[in-house]
Amino acid sequence: MRDRSRTPALLLCLLASLAFLALPLKAAADDQMPWGSAEMMDREYEPRKVVYDVYVDTEDELNSVLDRVSMLNNVYESDPFEAHIVLVLHGREVPFFTRDEFAEREETMRRAKSLTEGGVVEFRMCEASARLRGIDHDDVHGFVNLVPMADAEIIELQHEGYLLMQ
């Protein structure tokens, strides 16, 4: 006759062993990776309204922002009904968006313009910042809208429910 008093303990051991096997496997630690490797998290993201506070010094930095915006737009599946991404320009990148710098920055400007074509991404430039740099609205590319003040625009967009990215 079997001893039924041991059955719950054996069942618990068996379940614990199975649970251990179900845990994600981490890469073994070594001298260069003492904590093992990172785990991938499977996540889905809902489209949101986002405002980027853009204040960069170089074209490379601007392209880095455009990379981030492009990736976010892809994550949001370019959904014009649920997503809206506004880039508010008010730093040294402001002159990049003008007639005078088009020849030097054509590739970046064409890329920026292409992001706006699906209706999700929009560029807004601080008119005060442009004026301080001697830039008239007639010299700014047509895919950019001018707003009176960047900080006030960012505050207003946050008040409208936009999430701030820097």
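What comes next concerns the included structure.

### Description of the nonpolar core
Turning to step 1, where the next piece is worked out: The biggest cluster of nonpolar side chains holds 29 residues, and the ones touching the most others in it are Y52, I85, L87, F97 and F123.
Turning to step 2, where the next piece is worked out: Elements with a contribution of two residues or more to this core: β1 (49-54), α2 (59-75), β2 (84-89), α3 (102-115) and β3 (121-126).
Turning to step 3, where the next piece is worked out: For this core, the element with the highest residue contribution is α2, accounting for 5 residues.
Turning to step 4, where the next piece is worked out: What Y52 contacts, discounting residues up to four positions off in sequence, is V65, R68, V69, L72, I85, V86, L87, V88 and M165.
Turning to step 5, where the next piece is worked out: Counting 8 residues, the second-largest nonpolar core is a separate cluster that includes V88, C126, I154 and L157.

### Considerations on unusual backbone geometry
Turning to step 1, where the next piece is worked out: For E77, which is not a glycine, the phi torsion comes out positive at approximately 55 degrees.
Turning to step 2, where the next piece is worked out: Mapped onto the fold, E77 is located in the loop between α2 and β2.

### A short note on the pattern of salt bridges
Turning to step 1, where the next piece is worked out: Counted under the stated rule, the structure contains 11 salt bridges.
Turning to step 2, where the next piece is worked out: With a shortest N-O distance of 3.1 Å, D139 and R99 are connected by a salt bridge. Here the residue D139 occupies a position in the loop between α4 (127-132) and β4 (144-147), and R99 occupies one in the loop between β2 and α3, the gap between them amounting to 40 residues.
Turning to step 3, where the next piece is worked out: A relative accessible area of 25% places D139 in the partly exposed class.
Turning to step 4, where the next piece is worked out: On the accessibility criterion, R99 (53% relative accessible area) is exposed.
Turning to step 5, where the next piece is worked out: One continuous salt-bridge network, built from bridges that share partners, spans E59, E101, E104 and R105.

### Some remarks on the packing of aromatic side chains
Turning to step 1, where the next piece is worked out: One pass over the structure, following the stated rule, counts 3 aromatic pairs.
Turning to step 2, where the next piece is worked out: Ring centres of F123 and F143 lie 5.6 Å apart, and the angle between their planes is 80 degrees; on these two criteria the pair is classed as edge-to-face. Here F123 is found in strand β3, whereas its partner F143 is found in the loop between α4 and β4, with 20 residues between them in sequence. The pair formed by F123 and F143 is uniform in burial state, with each residue classed as buried.
Turning to step 3, where the next piece is worked out: Members of the aromatic cluster, joined through ring pairs, are F97, F123 and F143.
Turning to step 4, where the next piece is worked out: The cationic tip of R105 hangs over the ring face of F96; the distance from NZ or CZ to the ring centre is 3.8 Å.

### Quick word on the side chain of E93
Turning to step 1, where the next piece is worked out: Within the fold, E93 resides in the loop between β2 and α3.
Turning to step 2, where the next piece is worked out: Looking at E93, its side chain comes within polar contact range of the main-chain nitrogen of V56, at 2.9 Å.
Turning to step 3, where the next piece is worked out: Polar contacts involving the side chain of E93 include one to the main-chain amide nitrogen of G91, which spans 2.9 Å.
Turning to step 4, where the next piece is worked out: When residues no more than four places from it in sequence are discounted, the contact partners of E93 are V54, Y55 and V56.

### Remarks on the side chain of T108
Turning to step 1, where the next piece is worked out: The topology assignment puts T108 in helix α3.
Turning to step 2, where the next piece is worked out: At 3.1 Å, the side chain of T108 and the side chain of N63 are in polar contact.
Turning to step 3, where the next piece is worked out: Discounting chain neighbours no more than four positions away, the residues touching T108 are E59, L62, N63 and L66.

### Points about α2
Turning to step 1, where the next piece is worked out: Counted at 1.5 Å a residue, the expected span for α2 with its 17 residues is 24 Å, and the 24 Å between its end C-alpha atoms agrees.
Turning to step 2, where the next piece is worked out: Those residues of α2 not exposed but buried are L62, N63, V65, L66, V69, L72 and N73.
Turning to step 3, where the next piece is worked out: Considering only its buried residues, α2 is in contact with β1, β2, α3 and β3.
Turning to step 4, where the next piece is worked out: Once α2 finishes, E77 follows within two positions and takes phi at roughly 55 degrees, a positive value.

Rules behind the numbers
- Residues numbered from 1 in each chain as written.
- Predicted model: local features only at pLDDT ≥ 70, side-chain atom pairs only at ≥ 80, totals over all residues.
- Heavy atoms only, no water.
- Core = buried A, V, L, I, M, F, W, Y, C linked by side-chain atoms within 4.5 Å.
- Buried < 20%, exposed > 50% of the residue type's maximum accessible area, 1.4 Å probe, protein only.
- Helix = DSSP H or I, 4+ residues; strand = E, 2+ residues; numbered from the N terminus.
- Contact = heavy atoms within 4.5 Å.
- Salt bridge = Lys/Arg side-chain N within 4 Å of Asp/Glu carboxyl O.
- Phe/Tyr/Trp six-rings, centres within 6.5 Å; stacked < 30°, edge-to-face > 60°.
- Lys NZ or Arg CZ within 6 Å of the ring centre and 35° of its normal.
- Polar contact = N/O pair within 3.5 Å; in protein donor to acceptor, adjacent residues only side chain to side chain.
- Expected span 1.5 Å × (residues − 1).

The quantities given are spatial measurements derived from coordinates; they are silent on function.
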